[in-house]
Structures are given as structure tokens and as C-alpha cells.
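Chain by chain, the residues run as shown.
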Amino acid sequence: MVIARRPLLTATAAATLLAALWFVPSANATDEPAGAPAVRSVPTTTAGDSAAGPRLADTGTGIDTTPYLIGGVAFLGIGAAFVSHSARRTDTLPV
């Protein structure tokens, strides 16, 4: 019996990726615990606090995105190089 291995490997890789993504936590923007009932409480503000409610993701300064941009451009360039190398290689293979 002959088994086609490429589709089997592709299906295994896809199933592994989906199983790994199952355990990625979701980003909930609430301040209640997971099992708590949905009861809203109004926070008290101090004299120096100008916000009327809770501030979410207040980090103070902006995020430095330079490493992410450099990494993204590098991976994009590597991927383009692989694609062009593969295209050139298939043109020169004997039939």
C-alpha cells in the first residue's frame, strides 16, 4: 500500500498549529475575574486623576516598534529570497 506522505505531513502540521493556538489566552479588557458575575462598580477618582473610569493599557510612553519593523522586513526579505531562489531553480531543472 502506497501512502502519500506530503498531504499527511501537511494535515499533521495544520492540526499541530491549531492545537497550539487553542491554548493561547484571549485578551479580555475587563477588570473582573473570569468567573465573577458582570457587576459594574464605579471607581473613585482622586483630585489629580482626570479620568472618569478605569484606564486600560496605560503604559505612559509609546512602544518602541523599531525591533519589530526590522525583524519583519528581515523575514520578508528572507521569504522573498527563498521564493526567487525556488523560481530560478525550477526553471533550470531538467525535465
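Our subject is the structure listed above.
Notes on the structure follow.

Conventions and cut-offs
Residues numbered from 1 in each chain as written. Predicted model: local features only at pLDDT ≥ 70, side-chain atom pairs only at ≥ 80, totals over all residues. Heavy atoms only, no water. Helix = DSSP H or I, 4+ residues; strand = E, 2+ residues; numbered from the N terminus. Buried < 20%, exposed > 50% of the residue type's maximum accessible area, 1.4 Å probe, protein only. Areas by Shrake-Rupley, 256 points an atom, 1.4 Å probe, with all protein chains shown as cover. Patch = residues over 30% accessible without salt bridge, like charges linked within 9 Å, V, L, I, M, F, W, Y side chains within 5 Å. Salt bridge = Lys/Arg side-chain N within 4 Å of Asp/Glu carboxyl O.

## A word on the overall build of the chain
Moving on, step 1. The secondary structure content of the chain amounts to 2 helices and 0 strands.
Moving on, step 2. Put simply, the chain has 95 residues, and 1% of those count as buried.
Moving on, step 3. In the structure as shown, the chain presents an accessible area of about 9,300 Å², 67% of it carried by carbon and sulfur atoms.

## Observations regarding a nonpolar patch on the surface
Moving on, step 1. Residues Leu-17, Leu-18, Leu-21 and Val-24 make up a contiguous nonpolar surface patch of about 410 Å² in total accessible area.
Moving on, step 2. By the secondary structure assignment, Leu-21 is in helix H1 (residues 5-22).

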